[in-house]
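Here is how the chains run, residue by residue.
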Amino acid sequence: GSAKRRATYNCRHADNPGNKLKNVEELLRSSLWGQSLTEEEMLKALAGTCEHSFAAGAFICAKGEPVDYWMGIINGLGKMASHWTTGKTTSLTGISSGGWFGEGSLLKKEPRRYDVMAIRETRVAFMNRSTFYWLMDHSIPFNRYLIAQINERLGQFIGMIENERMLDTDARIA
């Protein structure tokens with residue numbers, strides 16, 4: 001039922017847990033949204049997506065930079081975090097093989113609001129903005145995936161805020 005659907009679109013879990021993806025094409029074809037694309041849509045998605053590799057500890061993307069790509073982890077592990085000038089850091093979420101991120105900043109056309117670092121050697125697919133928007137214009141399953149992913153992420157962050165406020169009584173009163 002609905003619990004199964006929720007688990008299917010949970011952005012905290014990869015589309016294909018346990019699978020070691022070999023390349024961009026495998027990532028796209030095995031993703032939930034990619035499985036629903038027509039061959040024309042898939043060819044367009046592949047043509048607009050490239051791959052980059054990152055060593056452990058490297059920034060996949062950095063807070064403040066322009067957002068021109070939607071990104072998916074082909075293989076490896078990324079950590080989404082916010083690093084403040086005060087030296088404080090907060091981890092927001094992890095992104096494992098098969099996971100996608102960056103749609104919010106891409107849709108809002110704003111500078112990136114967080115850093116993503118490679119926790120171990122990581123290969124990442126970069127889908128360019130025009131391909132991302134083309135898929136939004138042509139694929140209902142792609143849009144459903146994006147809506148579900150954004151909704152899951154919103155729920156995740158609301159839960160984090162709720163826990164923070166409920167656990168820290170002094171800060172909640174102040």
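Our structure's up above, just so we're on the same page.
These numbers come from a predicted model, not from an experiment.

A. Molecular detail of the packing of aromatic side chains. Counted by the stated rule, this structure contains 11 aromatic pairs. Considering the side-chain rings of Trp33 and Phe142, the 5.2 Å spacing of their centres and the 80° angle between planes classify their relative orientation as edge-to-face. Taken as a pair, Trp33 in the loop between α2 (24–30) and α3 (39–47) and Phe142 in helix α6 (residues 140–167) lie far apart in primary sequence, 109 residues in all. Both residues of the pair, Trp33 and Phe142, belong to the buried class. A centroid spacing of 5.8 Å and a plane angle of 80° characterise the contact between Phe132 and Tyr133, whose relative ring orientation is edge-to-face.

B. Structural context of the sheet that holds strand β7 (residues 115–118). An order of β2-β7-β4-β5 is seen for the 4 strands of this open sheet, with the pairing classed as antiparallel. The open sheet is flanked by β2 (59–61) and β5 (89–96), the only strands paired with a single partner. Neighbour to neighbour, the strand axes of the sheet diverge by 35° on average, direction disregarded. Of the strand pairs in this sheet, strand β4 (residues 77–83) and β5 are connected by 7 bridges, and their pairing is antiparallel. Within β5, the residue paired with Met80 across the bridge is Thr93.

C. Summary view of unusual backbone geometry. Despite not being glycine, Lys109 shows a phi value in the positive range, around 55°. Its place among the elements puts Lys109 in the loop between α4 (103–108) and β7. When its relative accessible area of 60% is taken as the criterion, Lys109 is described as exposed.

D. Here's a closer look at α3. Within α3, burial applies to Glu41, Met42, Ala45 and Leu46. Each buried residue of α3 lies within a common arc of 135° when the element is viewed along its axis, so the set occupies one face. Across α3 from its buried face, at more than 90 degrees, point the exposed residues Glu40 and Ala47. Buried positions along α3 lie against α2, β1 (49–54), β8 (122–128) and α5 (129–138).

Quick notes on the rules
Residues numbered from 1 in each chain as written. Predicted model: local features only at pLDDT ≥ 70, side-chain atom pairs only at ≥ 80, totals over all residues. Heavy atoms only, no water. Phe/Tyr/Trp six-rings, centres within 6.5 Å; stacked < 30°, edge-to-face > 60°. Helix = DSSP H or I, 4+ residues; strand = E, 2+ residues; numbered from the N terminus. Buried < 20%, exposed > 50% of the residue type's maximum accessible area, 1.4 Å probe, protein only. Pairing = 2+ DSSP bridges. Axes fitted to C-alpha atoms, helices over the stretch in contact; angles between N-to-C directions. Arc of directions from axis to C-beta. Contact = heavy atoms within 4.5 Å.

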